Amino acid sequence: MADTDPQLDVLARAAPDKLKHFAETLIGDLGEIDVLKSRTGLVMLPMRDTAQGTVFHLGEVLVSEAHIRAGDLQGYGMRRGHDLEAAMAMALVDLALQSDVQSEACAAFCDQTAKDQAAEDRETLRRVEATRVNMETF
């Protein structure tokens with residue numbers, strides 16, 4: 001069984017349309033799937049105070065959650081917002097990773113998505129950096 005935590009991080013931020021389309025290609029190879037959970041709800045968003053390092057709750061975030069099973073293996077997906085299909089798609093990819101179904105295709109999808117996200121993050125940081133103001137104090 002592969003370590004899927006990095007892939008889950010990537011899948012949680014993946015573009016919903018691309019994720020759903022890719023997950024559709026896995027369904028036939030996964031066999032019979034039991035849906036254990038498919039729901040939306042609110043979760044607390046923890047943040048860390050940068051000055052003292054203490055954790056506090058910033059507020060609540062709406063999430064969609066899916067938990068599925070095929071045989072002894074389980075797939076899980078949780079995504080921000082109200083999109084049960086995207087959460088289910090994430091769970092399908094997670095299950096495929098756990099069961100080595102189309103593992104090369106899953107790895108390629110996750111790798112490309114991670115590269116796309118890194119490029120988006122760099123662009124966001126570039127735009128934020130452009131707004132930085134350096135002030136001198138005497």
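Here is a short report on the structure shown in this document. It should be emphasised that the depicted structure is a prediction, and the values quoted were computed from it without experimental measurement.

Counting residues in hydrophobic clusters, the biggest one holds 25 residues, and the most contacted among them are Leu11, Leu19, Leu26, Leu30, Val93 and Cys106. Of all elements in the fold, only helix H1 (5–13), helix H2 (16–24), strand E2 (55–70), helix H4 (84–99) and helix H5 (103–129) reach the threshold of two or more residues within this core. The biggest single contributor to this core is H4, with 10 residues. Residues contacting Leu30, with those up to four places away along its chain left out, are Ala70, Leu92, Leu95, Ala96, Ser99 and Val101.

Considering all chains together, one arrives at 1 aromatic pair under this definition. Measuring from centroid to centroid gives 4.5 Å for Phe22 and Phe109, while their planes differ by 0°, and the two rings are stacked. Linking Phe22 in helix H2 with Phe109 in helix H5, this pair joins segments that are 87 residues apart in sequence. Here Phe22 and Phe109 have matching classes, each one buried.

What follows is about the packing of H1 against H4. With their axes 10 Å apart at the nearest point, H1 and H4 run at an angle of 160° to one another. Between H1 and H4, the crossing angle belongs to the class labelled roughly antiparallel. In this structure, the crossing between H1 and H4 has a hand that is right-handed. Along the contact surface, H1 presents Gln7, Leu8, Leu11 and Ala12, while H4 presents Met90, Val93, Asp94 and Leu97.

Rules and cut-offs
Residues numbered from 1 in each chain as written. Predicted model: local features only at pLDDT ≥ 70, side-chain atom pairs only at ≥ 80, totals over all residues. Heavy atoms only, no water. Core = buried A, V, L, I, M, F, W, Y, C linked by side-chain atoms within 4.5 Å. Buried < 20%, exposed > 50% of the residue type's maximum accessible area, 1.4 Å probe, protein only. Helix = DSSP H or I, 4+ residues; strand = E, 2+ residues; numbered from the N terminus. Contact = heavy atoms within 4.5 Å. Phe/Tyr/Trp six-rings, centres within 6.5 Å; stacked < 30°, edge-to-face > 60°. Axes fitted to C-alpha atoms, helices over the stretch in contact; angles between N-to-C directions. Parallel < 35°, antiparallel > 145°, perpendicular 65-115°, else oblique. Left-handed = near helix turned anticlockwise from the far one by under 90°.

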